[in-house]
Amino acid sequence: FSQRDAKFLFTATKPEQYKRLSNPEFTFAGRSNVGKSSLISAVLRSQSLVKTSKKPGHTSTLNFFGLTSSTYPESAITVVDMPGYGFRSRDDWGQFIMEYLSTRKELKRVFLLVEAKVGELKTTDLSFLELVEQYNVPTQLLLTKTDKLKRTDLNIVSAKVLRAAMDVAPTAVVPEVICCSYKTKVGVDAIQEAILRASGV
Ligand code: GDP
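Residues numbered from 1 in each chain as written. Predicted model: local features only at pLDDT ≥ 70, side-chain atom pairs only at ≥ 80, totals over all residues. Heavy atoms only, no water.

> So what's going on with the sheet that holds strand β4 (residues 77-81)? Residues and values would help.
Sheet architecture is open: seven strands sit in the order β1-β3-β4-β2-β5-β6-β7, paired in mixed fashion. For this open sheet the edge positions go to β1 (5-12) and β7 (178-179), each flanked by a neighbour on one side alone. Where strand β5 (residues 107-115) lies against strand β6 (residues 139-144), six bridges are found, and the strand directions are parallel. The partner of Val114 across the bridge, within β6, is Leu143. Taken strand by strand, helix α4 (residues 95-103) contacts β1, β2 (25-30), β3 (62-68), β4 and β5, and its axis lies near 40° from that of β3. (Pairing = 2+ DSSP bridges. Helix = DSSP H or I, 4+ residues; strand = E, 2+ residues; numbered from the N terminus. Contact = heavy atoms within 4.5 Å. Axes fitted to C-alpha atoms, helices over the stretch in contact; angles between N-to-C directions.)

> Give me unusual backbone geometry: which residues, what numbers.
Located in the positive-phi region is Asn33, a residue other than glycine, with phi close to 75°. Position of Asn33 relative to the elements: it lies in the loop between β2 and α1 (36-43). For Asn33, a relative accessible area of 65% gives the class exposed. (Buried < 20%, exposed > 50% of the residue type's maximum accessible area, 1.4 Å probe, protein only.)

> An account of the environment of Asp81 is needed here, citing residue identities and associated values.
With respect to the secondary-structure elements, Asp81 resides in strand β4. A relative accessible area of 6% places Asp81 in the buried class. Remark: the alpha-carbon pair of Asp81 and Thr27, spanning 54 residues in sequence, is separated by 6.0 Å. Non-local contacts of Asp81, meaning those with residues more than four positions away in its chain, are made with Phe28, Lys36, Ile40, Val50, Thr61, Leu62, Asn63 and Phe65. A distance of 2.4 Å separates polar atoms of two side chains, one belonging to Asp81 and the other to Lys36. (Polar contact = N/O pair within 3.5 Å; in protein donor to acceptor, adjacent residues only side chain to side chain.)

> Let's hear about the pattern of salt bridges: which residues, and what values?
Enumeration over the complete set of coordinates arrives at seven salt bridges. Note that Arg104 is salt-bridged to Glu25, the shortest N-O span being 2.7 Å. Taken as a pair, Arg104 in the loop between α4 and β5 and Glu25 in strand β2 lie far apart in primary sequence, 79 residues in all. Judged on exposure class, the residue Arg104 and its partner Glu25 are both buried. Across the pair Asp189 and Arg45 runs a salt bridge whose closest N-O atoms are separated by 4.0 Å. With Asp189 in helix α7 (residues 188-199) and Arg45 in the loop between α1 and α2 (47-53), this pair connects stretches of sequence that are 144 residues apart. You can call Asp189 partly exposed: its relative accessible area is 46%. You can call Arg45 exposed: its relative accessible area is 51%. Shared partners join several salt bridges into a network, and the residues in it are Glu25, Arg104 and Glu106. (Salt bridge = Lys/Arg side-chain N within 4 Å of Asp/Glu carboxyl O.)

So, to be careful, I would describe these as geometric facts and stop short of saying anything about function.
Structure below.
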């Protein structure tokens, strides 16, 4: 996204707030502390943007970011930060989020973040995958904090989580895992390329 500029648009708590946005949309989801804010800021190439919009305690809000470019001054692509799940039950986590996933036509892909060192999908990840399968949302796994693992272990974990995800969501899951690290910036280009490819911009 070298020529693109990212900006924070708004925090949404109801569908009316995001309905007017009609660009291809990409949403980042995952358990709390998985490294989501760090990775989104790397993808958007903005250190301050995501941290500023992060409000602790707000579990049922969606943060919207717009990526603009000289060709698309309005906003070419929308990136959404979904609240981290894992400490709460699915019901708690939000009717609003379920509604978003089930009705959002602009949503081209969900990136589901899984921490490499955790090495497996947790119950909350599996529940989330059931939802995206049910609502038919293409979903790609991102292994995060891969700087903490050796290459050989990484290959094993990557294959293992992909198999587990495809068992639950065979239609929704994109059969390719992107290994990422905020620390080394590995995988950031691959995420940006995946976004551009899937958005058709
Ligand atoms: P979030 O809760 O999912 O938004 O996670 P954060 O982005 O706030 O990161 C949670 C913690 O993991 C922080 O202490 C980060 O410094 C750390 N972290 C994030 N990304 C990486 C990474 O790629 N490598 C390592 N080693 N630590 C990371």
